[in-house]
Every structure is written in structure tokens, then in C-alpha cells.
Amino acid sequence: MRSMFGAIEPPPKSFKMPPKLSEARSSGEFCPAVERPGSRRPFFAVKDFLWLFYLYPFRLTAALLPARLFLMFNRLVDPVCQWLTFSRKRAIRRHLEAAKRFHEIEHDLDQATDGLITNTVRRATDDLILHKLAARGLNCTRIHGLGYLADALARGKGVILLSGHFYAHRIARRHREKLGYPTLSVRNGKPPDAAMGRIGQRFLHQRYVEYLHGVIRDEVLIQDPECTLKIFKRLREGGIVHIYLDAGGTELRASSEAKKPLWLPFLGTLRPFPTGFMQIARLSGCAMIPLLCLGDSRGFTITFDDPANLRHDAGSEEFVTANLPRLVADLESKILKHPREWELWGISERSTYLP
Amino acid sequence: MKTTSIETTNIKTMNMETTRDDVLARVRRVLIDSLSLNIEEDDLRYSESLDQVMGLDSLAVLEFTTALEKEFGIMIEHEKLELSLLRDLPALARYIQSVAAAPPASDTPA
């Protein structure tokens, strides 16, 4: 069954969510990843145990160990994680199958699912490396399009780097800092995690957020009341801000019409996309450059595309509807080419599978 | 001493309306127009902060800020882009008055 919009094409401006889907969404019928009303988290989940082990004994031990030992640890731990994450793999598989109904995915779905778990483990150890090191031990094998970034920065209005949640972005970010391109990351300080139990949610979640701050460092949280202003300030200074286009979590509360998310078809689901950053781009006049980072600390690539051709001759709402679908479609095509590298398969708190 | 026509217009504009009250009145007008607020200028008392006006969020503050820059032909220094200033209308008016009254940068031939 093909998407009504073709394989990888942005939806037309006239697209409105079909009434049947909206009813299904409100009734919870097509929201497999959303906790249904009345459901309760378990007291203690497998993920709580994994996070407890990671944040305490392993992280403290890792501070004393050389980074190369983490690679050995990955190989030992991977089979165990493949076995423990059975429900997560089921969710990943279901999402991949939903995407395959609308798009070509050349990869074998079972291998892709296993690869995603391997990459998740790999990324967890890469975070430990980032916590320890400056940029030593990070092997960037190739950078494409750095000239696009340099030219856009030379205009003096700042740059928004736009990407999805690919595994390699944090290590690539550290490498860009080393090259002289520090980047402000925009992050959700309260990322929803349906896989955590009540114990994990209560005691470990905040600890993980603090730990990530030590990894990412230069960041602003969307919960910060001055988040928008801090982003604008960085752009006004001629700096770089990194925005995750696929950050459509439950924190998207529309405090104003200008921030209302835009629902778009995406990888076999209907998903909300943030629009606040589009307004910031419109007001600042900054360039927007799609970014793709693939790999891990053993070897990764960074690719800057040419700046998005934004239609500025539009009002507030038109700027979003004219530009955001194209950016989303571009991200979708990147994910479909590299499905093992995108970490949000099966994590779609507010998404609805397309029938 | 060369000045652009836009800078000349701005200097003349500020010369005609140099009192703080005038600047504040323009700031209030920009606030209402840029955010399409359904209130009258008189409803905004001088001491009011943006927090008390329709619960404006940070994006609305940004919209207001860029509209102010266009209205007065200035660019607010990025060090001054703080909510504490942008939400305080009288303080903002004083700042705009000081920036707009400063000698404009001009192209001086050698």
C-alpha cells in the first residue's frame, strides 16, 4: 500500500488528517506506543535495572578504564541486551513494518532491528567516552559540505543545523567543537520513557538527564522559560544551534498558536512536528542546514547539505506549512536509507500508525 | 559625513519624538500590533510587564522584539536579549531611547 503522497514526497498543503484517523487517535485505537488511559507503569522494569547498572557501577568504573576496553565490553554485553530488550525489539519491528508499507526499505527488518539494539548499546558506551574525553579517540573518517556551514555562518545571522535522532550526532557534535564550530543543543529535559518502571521514573530519570548534561554540555532545555530567547541569542551572535526535527514528544504543549505542532505523515505514522524553531528561523533570518551523522566513535561521517531554500515571503503560519513538510520529507529519506542509524524506531509517544 | 536615507529618516523621527513617554507609547503600540492583541493602548499601564499581558510566551516576546527593532530601526544588542529587560516595558523604552539617540554609524570617506 503506497502513501497517498507517493514514496517520499511531502504532503500537499491541503492535507488534513482524515476524520477517521482523528477519531481513532482520540480513542487510543491506533496509538500502540502511547500509554492507554488507566494503564499503570510496573513498579520496577528491566530498563530500570539496566539504567541503574549503567549510571552507577559501570559509569564509575568506566571513569577509570581506557576507552578501548569499552569496545570489548560492547561485544560481551550485546547478546545479553538483545535478549533483555524483547519488548523494545517488538515495538521497533512493528514500526519498521508500518514504514515498509509506504516506503522502500532495502534492509532486512530482523537484521535492522538487531542492529538498532547494538547501536543503542554502542551509543551508551560512546556517551561514557564523551564524558571522559575532549575529542580524543573519536575517529571522524569523512566530512562533507563543511563549506556550506562556513558560508552560511559568514552571512552573520547564525545557522540552525537540522537533523534527526541519529546515533552518531553526539560524537559528531564534539568533533565539530574541536574544529571550531561549537553548537548549542536543544534538548528535552524530561524525555518521556514508557519503558521505565515507577522506580526508574522517580529516581533514575533525573540522574540520567544530569549525566547527559555532562556529555552534551552546551545545551538549553525546552523546559527553560528562556529557551526561545537563548536560541535566538546564539543565532544573533552568529552561532550554531542544533535542532532535532523529529523531537515530537509529549512535551509539545502549544502555549500559543505559533508553537502548535504540525502533524505530518512520517515513516508509516502520523506524527507531530515542532514548529517553534521555524518561527525562530523566520524571525532571525538564519540559514537552516540539514545535517546527517552516521557511525560511532570508531568511525563516523558528518554531512552538511546545502542550506534549505526557505520561503521567507510568507506569514507566520505559511512559513511553517510552506517549508516544514519539505524538511521532514528530507529527513524521512535519510532515515530510510540508513534505518539502523535512527534511534527513534518504536518510540512515537504521540504518533498514530497510518492504516 | 555620509548617512543613508533610512538612517536620516530615523534620526528625524527620533528628533520629533524624543520624550520617554512617546517612546513608551510607541512600544505599547508595537506590542499590540505585532501580536494582534485584542486590547486598547490605554489598557496597558506604564508599569505593566509583559507577564501580566495575556500570558505571552517566549516566542511572542521574540516576535515583539523583532517588531520593535523594525519600528525603531535599531538592533538590540545580543547581550541585552534577556527576558528581564524585554518584559519590562518602561526599561525597554529607556533602552530603545538610549540606543536610538546614539550617533548612527556612518560611512566616512577617507
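The written sequence of each chain sets the order in which its residues are numbered from 1. By the order in which they are written, chains take letters starting at A while ligands take numbers starting at 1. Given that this is a predicted model, residues contribute local features only at a pLDDT of at least 70 and side-chain atom pairs are listed and counted only at 80 or more, while totals for whole chains, interfaces and linings are drawn from all residues. Excluding hydrogens and water, the side-chain values take into account all heavy atoms of the structure.

**What about helix α7 (residues 169–179) of chain A?**
Residues and elements named next belong to chain A. We apply this condition: Each residue gets one of three labels from its accessible area relative to the maximum for its type: buried under 20%, exposed over 50%, partly exposed in between, using a 1.4 Å probe on protein chains only. For the purposes of this entry, the term helix denotes a DSSP run of H or I that reaches at least four residues, the term strand denotes a run of E that reaches at least two, and both are numbered from the N terminus.
With eight of 11 residues buried, α7 is to be regarded as a mostly interior element. Listed as buried for α7 are His169, Arg170, Ile171, Ala172, Arg173, Arg174, His175 and Arg176. Phi turns positive, to about 100 degrees, at Gly180, one or two residues after α7.

**Describing the confidence of the model for chain A**
Rules: In predicted models, pLDDT denotes the confidence assigned by the predictor to each residue on a 0 to 100 scale. Contacts between residues were defined by any pair of non-hydrogen atoms, one from each residue, lying within 4.5 Å.
When pLDDT is averaged across chain A, the result is 80; 81% of the residues are at 70 or more. The low-confidence segment residues 1–38 of chain A (pLDDT under 50) makes 65 contacts with residues lying over four places distant or belonging to another chain.

**Concerning the packing of aromatic side chains**
Residue and element names in this part refer to chain A. Stated formally: Paired rings are identified among Phe, Tyr and Trp, the last through its six-membered ring, by centres lying within 6.5 Å, and are further divided according to the angle between planes into stacked (under 30 degrees), edge-to-face (over 60) and tilted (the rest). Should the NZ of a Lys or the CZ of an Arg lie within 6 Å of a ring centre and within 35 degrees of the ring normal, that charge is described as sitting over the ring.
Across all of its chains, the model carries seven aromatic pairs over all chains by this definition. For the pair Phe266 and Phe273, a centre-to-centre distance of 5.1 Å together with 80 degrees between the ring planes defines the contact as edge-to-face. There is no split in this pair, since Phe266 and Phe273 are both buried. Measuring from ring centre to ring centre gives 5.2 Å for Trp342 and Trp345, while their planes differ by 90 degrees; the resulting arrangement is edge-to-face. Taken as a pair, Trp342 and Trp345 share a single burial class, namely buried. The ring of Phe203 is capped by Arg202, whose NZ or CZ atom sits 5.2 Å from the centre of that ring.

**Quick look at the sheet that holds strand β3 (residues 183–187) of chain A**
All names here are of chain A. Threshold: Here, a strand pair is defined by DSSP locating no fewer than two bridges between the strands. Where helices are involved, their axes are fitted lines through C-alpha atoms of the stretch in contact, as for all axes, and angles between N-to-C directions lie from 0 to 180°.
One open sheet holds the seven strands; their spatial order is β1-β9-β8-β2-β5-β3-β4, and the pairing between them is mixed. On the outer flanks of this sheet lie β1 (140–144) and β4 (219–221), each paired with one strand and no other. When the angles between neighbouring strand axes are averaged without regard to direction, this sheet yields 25 degrees. Where strand β2 (residues 159–163) lies against strand β5 (residues 240–244), five bridges are found, and the strand directions are parallel. Directly across from Val159, in β5, lies its bridge partner Ile240. Packing of helix α8 (residues 198–216) onto the sheet brings it into contact with β3 and β4, and relative to β3 it is tilted by some 165 degrees.

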